[in-house]
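Observations on chain architecture
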Amino acid sequence: MKKIVLSLASAAALSSMSFAGGELTDTVEPVIAVPAVAEDASSFYLGAGFAAVSTRDATSDLSFFEEEEGQDRLFNLTLLAGYDFNQYIAAEGRYTTSVADEDLVEMSGWSLFAKPQYTFDNSNFQIYALLGFGGVTIEGIKGSFVDVDDTGFQWGFGAAYSFGEYMENNNLAVFIDYTSLATEMEGIYVDGVLETDADALTVGLTYKF
């Protein structure tokens, strides 16, 4: 009988030690999973660049580097402002105006683009497309008077590289892109109406705020 009482007492003592935080048992803390909060990728940015521009008769070939018959080559300053809604889509506006030309030709234009974009994993390299609407104005003399002022669909594509690897942040980036600013826009020439194309190859910098 005494053995039974001692056994019961020992069991009760061991049980009380486990509930009291004794050394015989380890307290296991519950693990609570905290969902990851997605980083806000939205941001406003500004940029500027220089563009090699080709304005030409729609029947002439495009060349940024060699003069083609019926083509004017211009040097433009381009300003842009945009907003990244997330890492995949942005909206961007641009204004470009000629600062140098070959034959007294002046060109200016504005653009409003939707900008699908993709940044490669573990990389500062981004590719993007430009799809939108804009206007082009061309005035000048290339053998004859020309006057173009029209609006239409515009498109382009390009790439950008941020300097985050070499700086404290990745707010600054360099970009290069091609844009088709005018396709068969109607222009008035001294000898009648003629369709005009305009394209730009732009290199510049952007800064995110």
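Summary of the structure given here.

What counts, and at which threshold
Residues numbered from 1 in each chain as written. Predicted model: local features only at pLDDT ≥ 70, side-chain atom pairs only at ≥ 80, totals over all residues. Heavy atoms only, no water. Helix = DSSP H or I, 4+ residues; strand = E, 2+ residues; numbered from the N terminus. Buried < 20%, exposed > 50% of the residue type's maximum accessible area, 1.4 Å probe, protein only. Contact = heavy atoms within 4.5 Å. Phe/Tyr/Trp six-rings, centres within 6.5 Å; stacked < 30°, edge-to-face > 60°. Lys NZ or Arg CZ within 6 Å of the ring centre and 35° of its normal. Salt bridge = Lys/Arg side-chain N within 4 Å of Asp/Glu carboxyl O. Core = buried A, V, L, I, M, F, W, Y, C linked by side-chain atoms within 4.5 Å. Pairing = 2+ DSSP bridges.

Moving on: the overall build of the protein. Counting secondary structure elements, the protein contains 1 helix and 8 strands. Buried positions account for 35% of the 209 residues belonging to the protein. Taking the intrachain contacts of the protein between residues at least 6 apart in sequence as the baseline, contacts between residues at least 24 apart amount to 56%.

Turning our eyes to something else, we now look at the packing of aromatic side chains. Tallying each qualifying case throughout the model produces 11 aromatic pairs. The residue whose ring lies beneath Lys-115 is Tyr-128, and the NZ or CZ to ring-centre distance is 4.4 Å.

Glancing now at the pattern of salt bridges. One pass over the structure, following the stated rule, counts 6 salt bridges. With a shortest N-O distance of 2.6 Å, Arg-94 and Glu-92 are connected by a salt bridge. As a salt-bridge pair, Arg-94 and Asp-177 come within 2.5 Å of each other at their nearest N and O atoms. Of this pair, Arg-94 sits in strand E3 (residues 89-100) while Asp-177 is found in strand E7 (residues 172-189), placing the two residues 83 residues apart along the sequence. In this structure, Arg-94 and Asp-177 share a single accessibility class: buried.

What follows deals with the nonpolar core. The biggest cluster of nonpolar side chains holds 14 residues, and the ones touching the most others in it are Val-53, Met-107, Val-136, Ile-138 and Leu-181. Where this core is concerned, the elements lending two or more residues are strand E1 (43-57), strand E4 (105-119), strand E5 (125-141), strand E6 (145-162), E7 and strand E8 (192-208). The biggest single contributor to this core is E7, with 3 residues. Those residues in contact with Val-136 that sit more than four places away from it in its chain are Met-107, Ser-108, Gly-109, Val-148, Asp-149, Asp-150, Gln-154, Leu-181, Ala-182 and Met-185. Core analysis: the next-biggest nonpolar cluster, separate from the first, contains 8 residues, Phe-113, Leu-130, Ala-160 and Phe-175 among them.

Moving on, we get to the pairing of strand E2 (residues 71-84). Judged from the 14 bridges that link them, E1 and E2 form a sheet pairing that is antiparallel. Bridge pairing in E2 links Gly-49 to Thr-78. Here E2 pairs with E3 via 10 bridges, running antiparallel. Paired with Gly-82 across the bridge in E3 is Glu-92. Here E2 folds back onto E3, and the loop between the two strands holds 4 residues.

This part is about the side chain of Ser-43. Tracing the sequence through the fold places Ser-43 in strand E1. Note on Ser-43: relative accessible area 11%, which makes it buried.

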